[in-house]
Each structure stands twice: as C-alpha cells, then as structure tokens.
Amino acid sequence: RSAPRLFVPGPLEDGGQIALEGQQAHYLGKVMRVGAGDAVIACDDATGEWACEVVSAGKRDVVLSVRMKLREREDVPDFVLCAALLKKPNFDLVLEKATELGVAAVQPVVTRRCVADKLNPERALTIVTEAAEQCARTALPRVEEPTRLDALLRDWPEDRALFFADEQGGAPAAAAFAAHKGPAALLVGPEGGFDDTERDLVRAHPQARAITLGPRILRAETACISAIGLWMAVSGD
Ligand code: SAM
C-alpha cells in the first residue's frame, strides 16, 4: 500500500523528529495501523513534503523521524476565491474543490441573501487539509474569516483584479482570465444571488470585472468550481 500522507505542524527538517497526538496519531495508529519502520509522507505547509519513518506508534502518540525532502512546497497561483457563504454542505464542497483545484485562499463573504453568516474555522481547516492530503498538494489554502461584501470591497487591494461572476452577463470568463496577468480573485454570490444594490456596488468597483460562465444559471457551488477550473486551466501555472 502507498505510504499515508498528512499535514503536520512544522517546520520539518532533515533528521528531525515529530511527535503527533490527537487526531493525527489516531489516523496513523488506528486507521492506517502504522508500526515502527513504516513509511509516512508528511507536509508542513512551509518547507514542503518529506519522507518520514515511524519510530514508535503508541495508543496516544506516534513519533516520526524525518528522513528526506521529497518536494519543495508548491508555488500557488495567486488566485483567491471570494465565495458567499452557503448552506453548510454546499460550502464544505466549495472548500474541498477549491483546495483540489489549487486556490491560494478562500475568503467567505456575507451578503444580504446569505442563509449563513458564520463558518467554523476548525471544520474549514479539517476540510481543506483532508482535500490537500487526498490530492497530494504541498500547500494549504488560507481560509479567512467571513467578511461582509461592503467591507470586502472597501478594503480591496488596488493591485488585485476582482472577477465578478454574474449570471446577468459579462465578458466570457476564459477570455477575461487569459487576458489578465497578476493577482486575481473570483467573487461568487449565494444561492439567491446578489441583490440589485449589491450588483451595482460590485460593478462600480474599480477592480471589478464582470464575467459570465455561460447562458445557464449555475448553482453557486457549480459557479465556484467551474470558474476556478477555468482559471487554473488558463493561468494557473
Ligand atoms: N439569483 C439567481 C437566480 O436565482 O436566478 C441565482 C444566483 S446563482 C444560484 C449563485 C451565484 O452563482 C451568482 O450570484 C453568480 O455569482 C454565480 N453564477 C451562476 N450562474 C452564473 C453564470 N452563468 N455566469 C456567471 N456567474 C454565475
């Protein structure tokens, strides 16, 4: 079987040892049933990916020795997903898929029609960590605290383009993405969409560029996933 892979607290260094407790020890010891001498792949979201060996696997803790660096931490495209908060299972899906596709960060946004205005940070971290482990990423996206749409726009950095996914129309997304160089973000609305005041506010913002993902109205999570996929295909090196 292939070696279990997991994110651990860093920094990892050649010849070092790490003692894991709690969920990580449970995963390695009870779920993966590792024993002394077994191989484990560990990432710390800072130095990269390392081959490790199990020194001991007890009931409550697992000790690893760090053997050799396998990969540097990946270069993450500077693309941020600003997604309106959705019902929990749908936002969980967005977090998972945004991680797989390779965003640098997820900024949850609270808008007038949002049915949720909170996000459990531990739960969000667990989802992005498991998604990154599953698809062998060596970096975790940051998950920011939810912010209101007006605050997001007010504090928006001048050097970052804000692609506004608008079902009412805009430039075709792939062409707009291909024409852009530099930091960027994608704004997607909630289940009920943006109201007219919000739409006007976003469209009037100097960094905002309305894009369309096609003539059909997509569910918010579909809009997030398809737009990130397009960005990564066009500009995500
Ligand atoms: N208010 C809309 C309605 O009920 O007719 C639906 C909003 S849609 C479910 C949720 C979000 O997905 C929108 O706010 C928008 O950001 C994005 N979206 C959906 N379809 C899109 C499309 N064809 N092009 C661009 N963005 C889209």
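Source: prediction; values computed, not measured. (Residues numbered from 1 in each chain as written. Predicted model: local features only at pLDDT ≥ 70, side-chain atom pairs only at ≥ 80, totals over all residues.)

Draft legend 1. Examining the site of the ligand more closely. Around the ligand sit 18 residues in total, of which Ala165, Gly189, Gly193, Leu213 and Ala223 are the nearest. Residue composition of the shell around the ligand, by class: eight nonpolar, five polar and five charged. (Near = placed C-beta within 6 Å. Nonpolar A, V, L, I, M, F, W, Y, C, P; charged D, E, K, R; others polar.)

Draft legend 2. Looking closely at the packing of helix α2 (residues 88-101) against helix α7 (residues 220-235). Axis separation between α2 and α7 bottoms out at 9 Å; the angle between their running directions is 5 degrees. Classified by the angle their axes make, α2 and α7 are roughly parallel. Along its contact with α2, which presents Asn90, Leu93, Val94, Lys97, Ala98 and Leu101, the element α7 presents Glu221, Cys224, Ile225, Ile228, Gly229 and Met232. Here the contact of α2 with α7 is composed, by residue class, of eight nonpolar, two polar and two charged. (Axes fitted to C-alpha atoms, helices over the stretch in contact; angles between N-to-C directions. Helix = DSSP H or I, 4+ residues; strand = E, 2+ residues; numbered from the N terminus. Parallel < 35°, antiparallel > 145°, perpendicular 65-115°, else oblique. Contact = placed C-beta atoms within 7 Å.)

Draft legend 3. Looking closely at α2. For α2, which comprises 14 residues, the first-to-last C-alpha distance of 20 Å matches the rise-based estimate of 20 Å (1.5 Å per residue) to within 8%. Within α2, the full set of buried residues consists of Asn90, Phe91, Val94, Leu95, Ala98, Thr99 and Leu101. Buried residues along α2 sit against β6 (79-84), β7 (105-110), α3 (121-134), β8 (142-143) and α7. Once α2 ends, the next one or two residues include Gly102, with phi positive near 110 degrees. (Expected span 1.5 Å × (residues − 1). Buried ≥ 20, exposed ≤ 12 C-beta atoms within 10 Å, placed from the backbone.)

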